[in-house]
Amino acid sequence: MKSFIGRRAISSAVSLGGLIVLVFFLTRLTGDPTNLYLPLDAPMEARDNFRVLHGLNDPLIVQFGSYVYDVLHLDFGESIRKARPALEVVLEAFPWTLTLAVVTMGLVTLFAIIIGSLAAARVGGVFDRLSGIMSLIAASTPEFWVAIVGIFIFAVSLGWLPTSGTGTIWHWVLPITVLFIRPFGLILQVVRGSMISALSSPYVKTARAKGVRQRAIIFVHALRNGMLPVITVIGDQAAGMLNGAVVIETIFGFPGVGKLMIDSILQRDFSVVLASIMVTALAIFIMNLLIDLLYAVLDPRIRY
Amino acid sequence: MLEVPRHPALTIMKLLWADKFACIAALFLVLIVVCAAIGPYFLEDAASKLNLRGRNAPPFDWSQGWLFMLGADSLGRSILARIAVAAQNTILIASCAVFASLVIGGALGLIAGYSSRRLGDTIMRLADVIMSFPSLLLAVIVLYMMEPSVLNLVLVLAITRIPVYLRTTRAEVLEIRERMFVQAAIVMGASRMRIIFGHMLPIVVPTLITIGTLDFAFVMLAESALSFLGIGIQPPDITWGLMVSQGKAYLHQAWWLSFWPGIAIILTTMSLNLLSGWLRIVLDPVQRWRLEMGGKNND
Amino acid sequence: MRNLFACMFGVAVSAMSAAPTFAASNDVTIVLSEDLDVMDPCMSSRSNIGRVILQNISETLTELDGSGGGLRPRLAQSWEAVDDLTWRFHLREGVKFTDGSSFDAEDVAYSLERATSPKLSCEIGAKYFGGIELTPKIIDAHTIDFTAKVGQPILPLLMSSLTIVPSGLSPDAFMRVPVGTGPYVFKSRAIGQNIVLTRNNDYWGEKPDVENATYIFRSDIAVRAAMVQTGEADIAPSISQEDANNSATDFSYPNSETLYLRLDNEIPPLNDRRVREALNLAIDRDAFRGTVLPKDVILASQLVPPTTMGWNPDVPVQPYDLMKAKALLAEAKADGVPVETELELVGRANMFPGSTETMEAILSMLQEAGFNASLRNFDVAEWVNMYTKPYAENRGPQLIEAQHDNAKGDPVFTMYWKYHSQGEQSTISDPTVDSLIEAATSATGEEREQLWKKVAAEVNDRILSDAVLFHMVGFSRVSERLDFKPTISTNSELQLAQIKIK
């Protein structure tokens, strides 16, 4: 196990390095940000001066070299837009995103597994049909639509919740609910599908024959094996959220990393793009490692 | 199970008829495909004809004619005609992106799960890189350097969706590999190809198809988000996603602008899913009897 | 990593503990579209930074009255021209910065030096003082002269945008805590969440009504409007036409933006005046009012709004005349102008609410008149590179959607950049226009006004360089408990001192 984690750490470091090289050069391809930062009526000399100030005049390879040198000295560069260290900007935003992702995915996992398993227990039954339709609607509804309609209903008309923002625990209710819907619908379907296969597998039949109770069969025997693809999809959805729930962060005014990343891309604030990708990538790598370890826990036959 | 040999299409129709939900779903999908195929030729004009005075006309107002039964958009164009015309781009983008990512992701996942550890690890770390590369950044870069055409959009969406198929397939393969019948097949000297295609794919494919049908919705909505940021399909081209995102500004006054295309996305996803559920039963020898009984047994 | 955990803990605790705060009667909450990237007064020409800092924390020597009252004294009590090249400013006495130091001529000289410092790339310096060499001369503690290389008749107007900071401040790093002389002082900031200003009790002027002002940030327009409705905010400076549906709280105001299509006069067929005129005639400007765009937008004939000195009433708004457009196009075609070349409409994504619809409608109008046109929207970074020189070598005939903002009352902030052959966004090079612009820039009084009128007649009538469309309006939502009317300057500043509590 230890050697597995060690090996994984090294190979992940290599991927992170590759990711940085990729992102560095690809973002530079999206153009010189000088005109974007200076007012339209700035004279040519101000533009040249800006390029020199931010090292945009150097050849790309020189820029890359100095970036790598700085990163190795734990200096992730300065945000052009915010005139502050890029890493500081990212680390302020990341906890918001992480909290949103962890809470939401926790709830999604819990509810999707319970409801999905129950639906799979009686395929074609009323509960199955109903939860199927609900989850499909959930999986294919645009988030911003739910978010705005939710704000109009629960904040404006009923006055039960604040419209947006941060501060109290009530501020988290709407964003988490909206963020919950889509992965819930998706994962519920995956749980159902994979439970149907698991329930028809020989060992469940054996358990049934031995007279094990229905509930135990579903939640202990079948679930354990049916979980492998489920965990994978949960990981995929969680990765999406760690990269930022852009729509939710934008509408509800959460200062998370998703909105930061999009803004930085649109503003060509390269240091912040790189720093946020490094932070989120690290989180995603760690998550994938945990998922792989979980595979081995759930299915003792899997060895690394 | 002995069958009287019949024309296979007839058998399929009979099996479909046995599941009423799947039947309706299939009819709806046929309608969408017909729209996608011929809609643009017949309704292109109606979908792009400007009428600023009649903007945001409400739905179910029959005085304007059947084209306006779903209302008019913010430039007074028939929403019904636009949904029909947009079906082409939408279906093209979503199906190509899902198909490409499913096939590529599935194949890489099989390799990663069933080949040497070194190759498998390399593929998985590659998936990590793609997974942690924000899809919107990729979209900005690709669409910056190239035109925002249907093809490039498919490229972006397909790449970003590969990891989920890859990781799912690999996870299943790791598990199946250890099952008794696969071990037995290996001991009996079955070829790799035979094990992969004969034993693994039949178990992996249903899961991939479940994810794939749901991904249809995901891709359509992702495309909507791209359009909203000004980097996806651009007007005057239309997709359902674009219509949904353009209607956002009018949610308060004219809900129908984004509601109808949203419904189109939901119904398409739902139909695909019902049909894939049906397909799953048809392909599963253990379950198939349910349908052959004529669908009367609905336990 | 420890930093990260501390942050997470902070998030968790603040989620648990903070009780909802209800605004006390003298406090206001203002909801802006984005958090401020930097809080330095020398960047306050950016609209959200200006709305927090300008005239609230930092003041300027002169001030332009948003309701059309001309230039007023602020930190300067009076000013006069000493000779053709030199202006003298008499500064207000007894003014203190919020850091305790007192305000004098040294600070004015330093503020200009800092704003134009190449180490900072301050926006005010680049936008208003770029290419002007000013030499300050301190006469005494409260008198200062500025001498320019060439005559700058509008220097007092330029001074209405130079925010005054205390000397001794770091010249090569942006301030994190803004310091000024204004009626408000920076109190606290939670990045991404809010900024709080509080009343400056040592302020030299009148004591304003509002005691604390909290700025919060929401990118979504509908949410901003909803927040004023629910009482979570008091002022939302920019909402959309669609959300402005309550006459008691929602005000439209001219936002000083002019919408136009920048036609590329260098590329055929747009280098032919008949084609440009046909293009203008093909757009039914009136059809946009009250539909895609608010009913209060004004059809425009030139880039500067009618309140600007030198706006020319004789330049006509281009009418909608499809027959004539087709005839002109046919005439140009007969003369061998390649009118079939595909025109590229270049839109800017989300430039204003309804931007994409406007461009779609224009596209469809052009197609109806027989133009071969296509539309594509770009993100700002790409758009700005197409809009500004150097232009791409092998570009096609582009029609670029752009908004121009000139609330300063003088066309000098417009004409050079848009129409002089050396202007950064100009596509024309016409010796008459060049010399008229140069002459107008250094002229004064009646002569200046007449020269600017001539420039407008040249570019917007004789040459018909662009398709100028509308003077736009914005919408603000203001809580009924406040007495505050948005004006043309609400786009760039929001003076808390002007807010009265009912």
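Source: prediction; values computed, not measured.

A. Main features of the overall build of chain B. Looking only at helices and strands, one finds 11 helices and zero strands in chain B. N-terminal to C-terminal, the α/β element order of chain B is α-α-α-α-α-α-α-α-α-α-α. For chain B, the C-alpha atoms occupy an extent of roughly 75 × 50 × 30 Å along the three principal directions. Evaluated residue by residue, chain B yields a buried proportion of 55% over its 299 residues. Sequence-distant contacts, at least 24 apart, represent 67% of the contacts inside chain B between residues at least 6 apart. In the form shown here, chain B has an accessible surface area of approximately 13300 Å², with 71% of it arising from carbon and sulfur atoms. If you average the places of the 23 positive and of the 18 negative side-chain charges in chain B, the two averages end up 4 Å apart.

B. Fine view of the sheet that holds strand S6 (residues 134-140) of chain C. Residue and element names in this part refer to chain C. In space, the four strands of this open sheet follow the order S4-S5-S7-S6, with antiparallel pairing throughout. Both outer strands of the open sheet, strand S4 (76-81) and S6, are each paired with one neighbouring strand and no more. With strand direction ignored, the average angle separating the axes of adjacent strands in the sheet is 20°. By the bridge criterion, five bridges tie S4 to strand S5 (residues 86-91) in an arrangement that is antiparallel. Its bridge partner lying in S5, Trp 79 is registered against Phe 89.

C. Here's a closer look at the interface of chain A and chain C. On the side of chain C, 53 residues touch chain A, which itself brings 52 residues to the contact. A buried area of about 4400 Å², summed over both sides, lies between chain A and chain C, and 60% of it is on carbon and sulfur atoms. On inspection of chain A and its partner chain C, the count reaches six salt bridges. A salt bridge links Lys 259 of chain A to Glu 34 of chain C; the shortest N-O distance between them is 3.2 Å. Linking chain A with chain C are 12 residue pairs in polar contact (both at pLDDT 80 or more), by the criterion used here. Contributing elements (two or more residues each) for the side of chain A that touches chain C: helix H2 (34-37), helix H3 (44-53), helix H5 (86-121), helix H7 (143-157), helix H11 (246-252) and helix H12 (257-266) of chain A. For the side of chain A that touches chain C, the element with the highest residue contribution is H5 of chain A, accounting for eight residues. Of the residues that constitute the side of chain A that touches chain C, the class distribution is 29 nonpolar, 11 polar and 12 charged.

D. Quick look at the nonpolar core. Counting 224 residues, the largest nonpolar core has Trp 240 of chain B together with Leu 261 and Phe 371 of chain C as the members making the most contacts within it. Among the elements that line this core, the one with the most residues is helix H8 (residues 170-199) of chain A, at 16 residues. For Leu 261 of chain C, the contacting residues outside a window of four places in its chain are Ile 283, Leu 345, Met 359, Ile 362, Leu 399, Ile 400, Glu 401, Asp 466, Ala 467 and Leu 469 of chain C. Counting residues in each nonpolar core, the second largest holds 68 residues, with Val 108, Val 179, Tyr 260 and Val 384 of chain C among its members.

E. Broad picture of the environment of Asp 314 of chain C. Residues and elements named next belong to chain C. Inspection of the secondary structure assignment puts Asp 314 in the loop between strand S13 (298-299) and helix H8 (322-334). For Asp 314, a relative accessible area of 66% translates into the label exposed. Each C-alpha atom of the pair Asp 314 and Asp 461 lies 9.3 Å from the other, and the pair is 147 residues apart in sequence.

F. Looking closely at the packing of helix H3 (residues 79-114) of chain B against helix H10 (residues 256-283) of chain B. Residue and element names in this part refer to chain B. Interaxial distance between H3 and H10 falls to 11 Å at its minimum, and their mutual angle equals 45°. In terms of their interaxial angle, H3 and H10 are classed as oblique. Judged by the sense of rotation from one axis to the other, the crossing of H3 with H10 is right-handed. Residues Ile 79, Ile 83 and Ile 91 of H3 lie in contact with H10, whose contacting residues are Trp 256, Leu 257, Trp 260, Pro 261, Ala 264 and Thr 268. Residues that form the contact of H3 with H10 fall into these classes: eight nonpolar, one polar and no charged.

G. Molecular detail of the packing of aromatic side chains. Evaluation of the coordinates by the stated rule reveals 24 aromatic pairs over all chains. Residues Trp 145 of chain A and Phe 259 of chain B carry aromatic rings whose centres are separated by 6.2 Å and whose planes lie at 40° to one another, so their mutual orientation is tilted. Here Trp 145 of chain A is found in helix H7, whereas its partner Phe 259 of chain B is found in helix H10 on a different chain. Stacked on the ring of Phe 218 of chain B, the Lys or Arg Arg 161 of chain B has its end atom at 4.0 Å from the ring centre. Positioned above the aromatic ring of Tyr 128 of chain C is the side chain of Lys 408 of chain C, whose terminal nitrogen or guanidinium carbon lies 5.3 Å from the ring centre.

H. Representation of the domain arrangement of chain C within the structure. Residues and elements named next belong to chain C. Annotation of chain C at the domain level lists domain 1 (41-176) and domain 2 (254-473). Summarising the inter-unit geometry, the C-alpha centres of domain 1 and domain 2 are found 33 Å apart. Interface area lost by domain 1 to domain 2 is led by Pro 153, Ile 154 and Leu 157, which between them contribute 52%. Joining domain 1 to domain 2, the criterion identifies zero salt bridges. Here domain 1 is connected to domain 2 by one residue pair in polar contact (both at pLDDT 80 or more). Of the residues in the side of domain 1 that touches domain 2, the class split is six nonpolar, three polar and no charged.

I. Quick peek at the state of the cysteines. Residue and element names in this part refer to chain C. Scanning the entire structure with this criterion turns up one disulfide over all chains. Between the sulfur atoms of Cys 42 and its disulfide mate Cys 122 the distance is 1.9 Å. When the S-S torsion is -65°, as for the bridge of Cys 42 with Cys 122, the disulfide is left-handed. With Cys 42 in the loop between strand S1 (27-32) and helix H2 (47-53) and Cys 122 in the loop between helix H3 (105-115) and helix H4 (123-128), this pair connects stretches of sequence that are 80 residues apart.

Reading the values: the criteria
- Residues numbered from 1 in each chain as written.
- Chains lettered and ligands numbered in written order.
- Predicted model: local features only at pLDDT ≥ 70, side-chain atom pairs only at ≥ 80, totals over all residues.
- Heavy atoms only, no water.
- Helix = DSSP H or I, 4+ residues; strand = E, 2+ residues; numbered from the N terminus.
- Buried < 20%, exposed > 50% of the residue type's maximum accessible area, 1.4 Å probe, protein only.
- Contact = heavy atoms within 4.5 Å.
- Areas by Shrake-Rupley, 256 points an atom, 1.4 Å probe, with all protein chains shown as cover.
- Lys, Arg positive; Asp, Glu negative; His and termini not counted.
- Charge placed at Lys NZ, Arg CZ, Asp CG, Glu CD.
- Pairing = 2+ DSSP bridges.
- Axes fitted to C-alpha atoms, helices over the stretch in contact; angles between N-to-C directions.
- Buried area = accessible area lost by both parts, 1.4 Å probe.
- Salt bridge = Lys/Arg side-chain N within 4 Å of Asp/Glu carboxyl O.
- Polar contact = N/O pair within 3.5 Å; in protein donor to acceptor, adjacent residues only side chain to side chain.
- Nonpolar A, V, L, I, M, F, W, Y, C, P; charged D, E, K, R; others polar.
- Core = buried A, V, L, I, M, F, W, Y, C linked by side-chain atoms within 4.5 Å.
- Parallel < 35°, antiparallel > 145°, perpendicular 65-115°, else oblique.
- Left-handed = near helix turned anticlockwise from the far one by under 90°.
- Phe/Tyr/Trp six-rings, centres within 6.5 Å; stacked < 30°, edge-to-face > 60°.
- Lys NZ or Arg CZ within 6 Å of the ring centre and 35° of its normal.
- Domains from an automatic or database assignment.
- Disulfide = S-S within 2.5 Å.

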